[in-house]
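# Summary of structural features
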Amino acid sequence: MTQHVSRRACVLGAGLAAGVLIPCVAAAAPAAAATTPTVSCTSAKAGLATKLRTDITAALAHRTGTIAVGLYDRSTNTTCSLRATSSYDSASVVKVTVLATLLWDAKKHNRYLTDTENSLAKAMITKSDNDATSKLWKQLGLTKIKGFLSAAGMTKTVPGANNYWGLTQINVTDEQKLLKLVTAQNSVLSDNSRAYILKLMGQVISSQRWGTPYGAPSGVSWHVKNGWLQRSTHGWRVHSVGTFNGGGHDYMITVLTWGNSTMNYGISTIQGVSKAIHKDLAAS
């Protein structure tokens, strides 16, 4: 898929010297096959876990880099995971957490978002605007961000220091917790807040709709946020989180990757996994 996204979206955060983004000539070699974790799946639907485990594993065969996967489908009580507790630089997927924190804090103070906050939030999610993210990150501050993470049970997410929000440490387990909060009633996010987050994730500009929505059946609604970041070690980090509803299923997918030689290589890895998941759930 042709990318029209500016390399400026490498998203370490405000004030990062361009010199840090040194192109990685060769991605780090993946771990030896013998130590590679296997995909784990469970499901209340007979045969589905085995099918998903087989097909996700096949999608990852011959892909270099380090890949983490999370799937949860409420409708069939299906869960799949791979490297669910491994930490990754967040890149722009942290923007969903920033928006959730903003809404959580506004709810605590019994207020609506201001016009400026609405504008910044829309730019941050739909266009992955970094300046908007930096403004909201600074406005919130680490105390509020950590407060939301605690309320959300996202205990392994570590906010990036010195306004480098793109270096927030995330894992599949916590990202899936966030997506669950966004997609079902809970005491952390109000129904209006959840609807607002999903609305913006469903309005992501066309050039950024790659990743987890790939291969979703036409009758399934999608909501996505992607992240991409090149660093001087381990090449590109390329991530995608998405929620999906329709066809008798209500599910969410997180795929985090690093050690990609190019951004497009990471995208292809994520889309191979996502296509297998959508296909297997649609057939179940």
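The structure this text deals with has already been given above.
All of the points below concern the structure found in this document. (Residues numbered from 1 in each chain as written. Predicted model: local features only at pLDDT ≥ 70, side-chain atom pairs only at ≥ 80, totals over all residues. Heavy atoms only, no water.)

## Looking at the state of the cysteines
What counts is decided by this rule: Pairs of cysteine sulfur atoms within 2.5 Å are what we label disulfides. Think of it this way: any DSSP run of H or I at least four residues long counts as a helix, any run of E at least two long counts as a strand, and we number them from the N terminus. Here's how the labels work: a residue is buried when its accessible area is under 20% of the maximum for its type, exposed when over 50%, partly exposed in between, all with a 1.4 Å probe on protein chains only.
Evaluation of the coordinates by the stated rule reveals 1 disulfide. Two residues, Cys41 and Cys80, share a disulfide whose sulfurs are 2.1 Å apart. Taking the sign of the S-S torsion, about 115° here, the bridge from Cys41 to Cys80 comes out right-handed. Of this pair, Cys41 sits in strand 1 (residues 40-42) while Cys80 sits in strand 3 (residues 78-82), and the two are 39 residues apart along the sequence. Pair check on accessibility: Cys41 and Cys80 agree, each one buried.

## Observations concerning the packing of helix 2 (residues 94-108) against helix 4 (residues 130-152)
Each pair of packed helices can be described by the angle between their axes along with the distance between the axes. How we decide: To define axes, lines are fitted to C-alpha atoms, for helices over the stretch in contact only, and angles between the resulting N-to-C directions are given on a 0 to 180 degree scale. Note that the term roughly parallel is reserved for angles under 35 degrees, roughly antiparallel for angles over 145, roughly perpendicular for angles of 65 to 115, and oblique for everything else. Put simply, a crossing is left-handed when the front helix is turned counterclockwise from the back one by less than a right angle, and right-handed when it is turned clockwise. Throughout, a residue-residue contact means that at least one pair of heavy atoms, one from each residue, lies within 4.5 Å.
The geometry of helix 2 relative to helix 4 is characterised by a closest axis approach of 8 Å and an angle of 70° between their N-to-C directions. Here helix 4 runs roughly perpendicular to helix 2, going by the angle between their axes. Considering only the axes of helix 2 and helix 4, their crossing is left-handed. Here helix 2 contributes Val94, Lys95, Thr97, Val98, Ala100, Thr101, Leu102, Trp104 and Asp105 to the contact with helix 4, which in turn contributes Asn130, Thr133, Leu136, Trp137, Gln139, Leu140, Lys144, Ile145, Gly147, Phe148, Leu149 and Ala151.

## Points about the environment of His278
Using the following cut-off: As used in this structure description, the phrase polar contact means that two N or O atoms lie within 3.5 Å; if the pair is within protein, one of them must be able to donate a hydrogen and the other to accept it, and residues adjacent in sequence are counted only when both atoms belong to side chains.
Within the secondary structure, His278 is located in helix 7 (residues 263-282). Considering only alpha carbons, one finds His278 and Thr212, 66 residues apart in sequence, at a separation of 9.1 Å. Discounting chain neighbours no more than four positions away, the residues touching His278 are Thr212, Pro213, Tyr214, Gly215, Ala216, Pro217, Phe244, Tyr251 and Ile253. Side-chain polar atoms of His278 contact the backbone oxygen of Thr212, separated by 2.6 Å. Within the local environment of His278, its side chain forms a polar contact with the side chain of Tyr251, the two groups lying 2.7 Å apart.

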